[in-house]
Amino acid sequence: QDVTLTEAKKTVVLECEISKPGLKLEWFKGVKQLRRNEKYDIKADGKVHQLILDSANVDDQGEYTATYQNLSTSAKLALQIGPKIGNHDYKDKLILRAGTSAAIEIPFVAAPMPDAKWTYKGSHLPDNRRFKTDTIMGMSSMTMAKVVRGDSGKYQLSLENPFGKDTFSIELIV
């Protein structure tokens, strides 16, 4: 049975029941055979076999298959998580000296990958040669090079996907 998580870091249990006890199933994610390790636990109790994923995250999405000889069954694991800004060290203000550079890195959890938009006073960033943004799974950043007094103001990161939205704001003082 397919599983959809609406929160990250949850334990997922995939279960398969076979007709005879004592048979050994093999578990796969895609084409990769899974072994018991810190991420996966594999249990068998009579006819019931379980694959237990600890602390499921975005990388764990995909199709899982239980196989015995030429018989198999599959289930898909999907995450549907609205963006949530993670823990970071930024307060509501950032003070920089004119001419200096800095990077603001904001961690987040979301699935699927959200649209990320950095704005300055509700509009475009001041100078696209000196201000660069980048978003990868789990992190969005804005680098500011050689700031000037005119760069002072409110900067905001908006993260949005079909399951929600979250924002981060900071006041830059130069």
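Description of the structure in this document. (Residues numbered from 1 in each chain as written. Predicted model: local features only at pLDDT ≥ 70, side-chain atom pairs only at ≥ 80, totals over all residues. Heavy atoms only, no water.)

In this section: the nonpolar core. Residues Ile104, Trp118, Met142, Met144, Tyr155 and Phe168 are the most contacted members of the largest nonpolar core, which totals 22 residues. Secondary structure elements with two or more residues in this core: β11 (102-111), β12 (115-120), β14 (139-144), β15 (153-161) and β16 (164-173). Tallying contributions element by element places β11 first for this core, with five residues. Not counting the four nearest positions on each side in its chain, Tyr155 is found in contact with Thr119, Tyr120, Leu125, Pro126, Phe131, Met142, Phe168, Ser169, Ile170 and Leu172. (Core = buried A, V, L, I, M, F, W, Y, C linked by side-chain atoms within 4.5 Å. Buried < 20%, exposed > 50% of the residue type's maximum accessible area, 1.4 Å probe, protein only. Helix = DSSP H or I, 4+ residues; strand = E, 2+ residues; numbered from the N terminus. Contact = heavy atoms within 4.5 Å.)

Next up on the list: the pairing of strand β8 (residues 71-79). Across three bridges, the pairing between strand β1 (residues 3-5) and β8 is parallel. The residue bridging Val3 from the neighbouring strand is Leu77, located in β8. Both strand β7 (residues 62-68) and β8 contribute to a ladder of seven bridges, which runs antiparallel. Considered in β8, the bridge of Glu63 is made with Lys76. (Pairing = 2+ DSSP bridges.)

For Thr119, the position within the fold is in strand β12. Ignoring sequence-local partners within four residues, the contact set of Thr119 consists of Leu125, Lys154, Tyr155 and Gln156.

One pass over the full model with this rule turns up six salt bridges. In this structure, the salt-bridge partner of Lys10 is Glu7, at a minimum N-O distance of 3.7 Å. When salt bridges with common partners are traced through the structure, they connect Asp127, Arg129, Arg130 and Asp151 into a single cluster. (Salt bridge = Lys/Arg side-chain N within 4 Å of Asp/Glu carboxyl O.)

This brings us to the sheet that holds β8. One open sheet accounts for five strands, arranged β1-β8-β7-β3-β4; its pairing is mixed. Each edge of the open sheet carries a strand with a single partner, namely β1 and β4 (32-33).

According to the stated counting rule, one finds four aromatic pairs in the structure shown. On the numbers, 6.5 Å between centres and 75 degrees between planes, the contact of Trp118 with Phe168 is edge-to-face. On the criterion of sequence distance, the pair formed by Trp118 in strand β12 and Phe168 in strand β16 is long-range, its members being 50 residues apart. The residues Trp118 and Phe168 share a single accessibility class, namely buried. Here the aromatic rings of Phe131 and Tyr155 are separated by 5.8 Å at their centres, their planes lie at 10 degrees, and the arrangement is stacked. In this pair, Phe131 sits in strand β13 (residues 131-136) while Tyr155 sits in strand β15, placing the two residues 24 residues apart along the sequence. Side by side, Phe131 and Tyr155 carry an identical accessibility label, which is buried. (Phe/Tyr/Trp six-rings, centres within 6.5 Å; stacked < 30°, edge-to-face > 60°.)

Reading across from one edge, β10-β16-β15-β12 is the order of the four strands in this open sheet, with mixed pairing throughout. Only two strands of the sheet have a single partner each, and these edge strands are β10 (93-95) and β12. Within the sheet, the average angular offset between the axes of one strand and its neighbour, ignoring direction, is 20 degrees. Here nine bridges tie β15 to β16, and the two strands are oriented antiparallel to one another. Pairing of Lys154 across the sheet is with Glu171, part of β16. (Axes fitted to C-alpha atoms, helices over the stretch in contact; angles between N-to-C directions.)

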